[in-house]
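Here is how the chains run, residue by residue.
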Amino acid sequence: MDNRLPTEFDVVVIGTGLPESILAAACSRSGQRVLHLDSRSYYGGNWASFSFSGLLSWLKEYQQNSDIGEESTAAWQDMIHETEEGITLRKKDETIQHTEVFCYASQDVDGNIEETDDLQKNPSWVASSTLIKPLDSACLSEEMHSLYVSSYEVPAKGTPENNGEVTDIAETLVKEEYCGYKTYKHRVSDGAKDEIKPILEDNSDPPKGNRITYSQIVEEGRRFNIDLVSKLLYSQGLLIDLLIKSNVSRYAEFKNVTRILAFREGKVEQVPCSRADVFNSKELTVVEKRMLMKFLTFCLDYEQHPDEYRAFTQCSFSEYLKTKKLTPSLQHFVLHSIAMMSESSCTTIEGLKATKNFLQCLGKFGNTPFLFPLYGQGEIPQCFCRMCAVFGGIYCLRHKVQCLVVDKESGRCKAIIDHLGQRINAKYFIVEDSYLSEETCSNVQYEQISRAVLITDQSILKTDSDQQISILIVPPVEPGACAVRVTELCSSTMTCMKDTCLVHLTCSSSKTAREDLESVVKKLFTPYAETEIDKEELAKPRLLWALYFNMRDSSGVSRSSYNGLPSNVYVCTGPDCGLGNEHAVKQAETLFKEIFPSEEFCPPPPNPEDVFFDGDDKQPEPLGANTIIIAQLESSEGSKNLESSEKHLQN
């Protein structure tokens, strides 16, 4: 089978994250010949969503990333002419760090874990960035715990393990403690066999009911769609507007976020958002209801009343709220659950603007301003990839690019050379920044995002309905620290199995993800098998499984920070720490206008009557901007490319 691609394109896009996918769709829609490549085996990059077993495979890739050797690729140096030079691209993705996995659900040691297709393909996985090493000591100290994280291997049935490796240690016990929950790793060495089996010590007598075991999570793994980046869509935000305008929304389905929560005085409460919610609230007094409605009404048109806030423009929003005679509970609701800002870093103008944006988005699709895409955030980049493919874009995953070819005289990029040694020419090149080499990024200072993904057995705030989609902002305990954003998804979002919730935690990093987020996890959840559970802990949702990791945030990096980039190479950044997708949409539109200033960005699709086939007897009127000519499909080379792209998308 010939894996070679056509050699001439207008635009080559490297990376399938959200901004790159939007750009690819916009370029293809404007009539450009687009080649969209990704060295990964999945769409979305750091915007992707995974099934449970897919997430474990993704973790294994990053755990092995620093250990694997370079794959043999065709030499590209011989393909560079004397008047050209090559800019190498990064071979390994280094945007994810400090991955740590903890399993609290019963391992079902006596039963057999039913293998999914993904586990059969990957018979032995280790879900951790640090391998557990055999230790002579029976217990790990607190200092050592940061180095040895909970991990385990699931061997496939009948699969030989570590062939030819014999150890002198006959039996080693590795014991770990976390939040009072004890897990033993029992390493048994018998000739060439060497495997790790989890052994649980559970001295507690947990409440009876629907206990979710780890084997159930594995068996129902395809029910999960776990996002690497946790975001929501503002109902009147830039992404919703773009989805509707370009008609890409037909490729996705959405659910309304059902409630906004607040964490105050150690308890989770529901925040009244709409007028009806405010007046129906039992937590607010009549006076507080009037005060809140008066302030929210002012925020809707605060620009018309500059005298109300001009004297406080240099103050923080929290200080301004105190001058409005709001009670402490109302100040907390407005700051953390409506404006969703931190006390120290938010100015008065920023807080008023965020509050107005929140209120303007209310009521369009439900009682909250937010929407969530069914099957996860990773669906959105794929929707734009489908649009690009429909208009003739060609897609190829698992296709690495070795270098950019630059003309020394003009300083412009002329082509790329892929891992097969093929040279592909284009006029413009769009590259996700994770592909840029260390030399190109030597002057770049990156921020980090701390992320946690949790599987729990119930919601953090029980109601009559268990199908709630919630967002919660947990304020920082220490001054100057970052608030933690918590998004809880139910099974109706198609992101988790029945009788569980999928919880995402996000904040700007100051330390590792576990160090940043673990305190919030302890406040909201309890491990599944605590040795001593009091009544307060019993009321909390039980934690079944947890993943922590740090993700690179390059959203604040300017183009001038990169070294030696040709003028026709454009860089897209990865996900930012914000709740919405505004940065990605703005970046895609800005870059498109730089490349094609006279073209419309993602125009509406053409009307059916504007589409005609080449060879029709009746010739139409002069073509409009939205008119498309479709050649005879059975003989069109473009249709073959489209069919190939559609197959890629379906896979």
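All values derive from a computational prediction rather than experimental measurement.

Visitor: Just to check I follow, could you spell out the confidence of the model for the chain for this structure?
Guide: Low pLDDT marks stretches whose predicted atomic positions should not be read closely. Here the chain averages 79 in pLDDT, and 74% of its residues register 70 or above. In this model, residues 66-70 is a region of pLDDT below 50 whose contacts with residues beyond four sequence positions or in other chains number 2 contacts. Note on residues 619-651: pLDDT is under 50 here. Beyond four places in sequence and across chains, it has 45 contacts.

Visitor: Got a minute to help me understand unusual backbone geometry in this structure?
Guide: Residue H98 is not a glycine yet carries a positive backbone phi of 55°. Considering the arrangement of structural elements, one finds H98 in strand β5 (residues 96-103).

Visitor: What is the right way to look at the pairing of strand β14 (residues 370-373) in this model?
Guide: Residues in a regular strand project their side chains so that they alternate between the two faces of the sheet. Alternating positions in β14 separate into two faces, F370 and F372 on one and L371 and P373 on the other, with burial throughout. As paired elements, strand β10 (residues 233-234) and β14 share 2 bridges and run antiparallel to each other. When the sheet's bridge partners are listed, L233 is paired in β14 with L371. Both strand β11 (residues 254-256) and β14 contribute to a ladder of 3 bridges, which runs antiparallel. The residue of β14 that forms the bridge with K255 is F372.

Visitor: Please clarify how the pattern of salt bridges should be interpreted in this entry.
Guide: When charged atoms on two side chains of opposite charge get close, those side chains can pair. For the structure on display, the rule yields 21 salt bridges. A salt bridge links R33 to D10; its shortest N-O distance comes to 3.1 Å. Within this pair, whereas R33 is found in the loop between α1 (18-29) and β2 (34-38), its partner D10 is found in the segment before β1 (11-14), the two being separated by 23 residues in sequence. Look at R33 and you get partly exposed, because its relative accessible area is 41%. A salt bridge links R259 to E488, with the nearest nitrogen and oxygen atoms 3.8 Å apart. Of this pair, R259 sits in strand β12 (residues 259-264) while E488 sits in strand β22 (residues 484-489), and the two are 229 residues apart along the sequence. The two residues R259 and E488 agree in class, both being buried.

The rules we used
- Residues numbered from 1 in each chain as written.
- Predicted model: local features only at pLDDT ≥ 70, side-chain atom pairs only at ≥ 80, totals over all residues.
- Heavy atoms only, no water.
- pLDDT = per-residue confidence, 0-100.
- Contact = heavy atoms within 4.5 Å.
- Helix = DSSP H or I, 4+ residues; strand = E, 2+ residues; numbered from the N terminus.
- Buried < 20%, exposed > 50% of the residue type's maximum accessible area, 1.4 Å probe, protein only.
- Pairing = 2+ DSSP bridges.
- Salt bridge = Lys/Arg side-chain N within 4 Å of Asp/Glu carboxyl O.

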